[in-house]
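Breakdown of the fold
Residues per chain are reported as follows:
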Amino acid sequence: MKNALIQFVEDQVKVKDFPQFKAGDTITVTYKIVEGSKERLQRFQGVVIQRASDSTHATFTVRKISNNIGVERIFPISDPMIESIERVKEGSVRRARIYYLRDLRGKKARIKDVLHKKEK
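What comes next concerns the included structure.

Basis of the calculations
- Residues numbered from 1 in each chain as written.
- Predicted model: local features only at pLDDT ≥ 70, side-chain atom pairs only at ≥ 80, totals over all residues.
- Heavy atoms only, no water.
- Helix = DSSP H or I, 4+ residues; strand = E, 2+ residues; numbered from the N terminus.
- Buried < 20%, exposed > 50% of the residue type's maximum accessible area, 1.4 Å probe, protein only.
- Contact = heavy atoms within 4.5 Å.
- Lys, Arg positive; Asp, Glu negative; His and termini not counted.
- Charge placed at Lys NZ, Arg CZ, Asp CG, Glu CD.
- 1 Å grid on protein atoms, 1.4 Å probe; cavity = no way out; pocket = protein on both sides within 12 Å on 5 of 7 lines; lining within 4 Å.
- Points joined across faces, edges and corners; volume = space filled by probe spheres on them.
- Nonpolar A, V, L, I, M, F, W, Y, C, P; charged D, E, K, R; others polar.
- Patch = residues over 30% accessible without salt bridge, like charges linked within 9 Å, V, L, I, M, F, W, Y side chains within 5 Å.
- Areas by Shrake-Rupley, 256 points an atom, 1.4 Å probe, with all protein chains shown as cover.
- Salt bridge = Lys/Arg side-chain N within 4 Å of Asp/Glu carboxyl O.
- Pairing = 2+ DSSP bridges.
- Core = buried A, V, L, I, M, F, W, Y, C linked by side-chain atoms within 4.5 Å.

**Here we look at the overall build of the protein**
Within the protein, the secondary structure is distributed over one helix and five strands. Seen along its three principal axes, the alpha-carbon backbone of the protein occupies a region of about 50 × 40 × 35 Å. The buried share of the protein, taken over its 120 residues, is 26%. Contacts in the protein between residues far apart in sequence, at least 24 positions, make up 52% of those at least 6 positions apart. Taking the average place of the 26 positive charges on the side chains of the protein and the average place of its 15 negative ones, the gap between the two points comes to 8 Å.

Structure representation (structure tokens):
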């Protein structure tokens, strides 16, 4: 009985068509903020440090440095407040969860770009 209810709710959730991204990619998430009767769009640009799950209740965590303080935000992929997700850079990392970035600063915290070779 409980599984049927959960399945019913998951079927009602609509997930927008976002570009593919993975841990190590730099993305910009544009989302709506509602303050009273006003709405505005705000951007959050940072490195994806993890993606959890692949269903309608999947989440991803984005980390950025703001005023020398690391800021992480967890976004549900099916959040209706997310307007768009844009992949700025594709990073090359060997892990699915790159929590080690939390301890690194400066040049050590850089992520290598994926090299795109031109096909001849």
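**Some words on the layout of surface pockets**
Estimates place the volume of the largest pocket at around 420 Å³. Taken together, 20 residues make up the lining of the largest pocket; nearest its centre are Val47, Arg63, Ile65, Ala109 and Arg110. Within the residue set of the lining of the largest pocket, elements represented by two or more residues are β2 (38–52) and β3 (59–66). Taken together, the residues of the lining of the largest pocket break down into six nonpolar, seven polar and seven charged. Lining the second largest pocket are 13 residues, with Phe18, Pro19, Gln20, Arg51 and Ile77 sitting closest to its centre.

**A word on a nonpolar patch on the surface**
On the surface, a nonpolar cluster with roughly 340 Å² of combined accessible area is contributed by Phe8, Val9, Val13 and Val15. The topology assignment puts Phe8 in helix α1 (residues 2–12). Assessed through its relative accessible area of 52%, Phe8 is described here as exposed.

**A word on the pattern of salt bridges**
Enumeration according to the criterion identifies seven salt bridges in this entry. As a salt-bridge pair, Arg63 and Glu72 come within 3.0 Å of each other at their nearest N and O atoms. Overlapping salt bridges, with partners in common, bring together Lys22, Asp25, Arg87 and Glu90 in one network.

**Quick look at the environment of Lys107**
Tracing the backbone shows Lys107 in the segment after β5 (82–89). Sequence separation between Lys107 and Gln50 is 57 residues, and the spatial gap between their C-alpha atoms is 21 Å.

**Some details on the pairing of strand β4 (residues 69–76)**
Across eight bridges, the pairing between β3 and β4 is antiparallel. Paired with Ser66 across the strands is Ile69, a residue of β4. Here β3 hands over to β4 after two residues, with Asn67 in that stretch at a positive phi of 55°.

**Side note on the nonpolar core**
One finds Ile27, Val29, Phe60, Phe75 and Ile85 to be the most contacted residues of the largest nonpolar core, which totals 15 residues. Every element with two or more residues in this core is listed here: β1 (26–35), β2, β3 and β5. If one sorts the elements of this core by residue count, β1 sits on top with four residues. Setting aside residues no more than four positions away along its own chain, Val29 makes contact with Gln42, Arg43, Phe44, Phe60, Val62, Phe75, Ile82, Ser84 and Ile85.

**With respect to the side chain of Thr26**
Topologically, Thr26 is positioned in strand β1. Residue class for Thr26 comes out buried when judged on its relative accessible area of 12%. With sequence-adjacent residues up to four places away left out, Thr26 is seen in contact with Gln45, Gly46, Val47, Glu86, Arg87, Val88 and Lys89.

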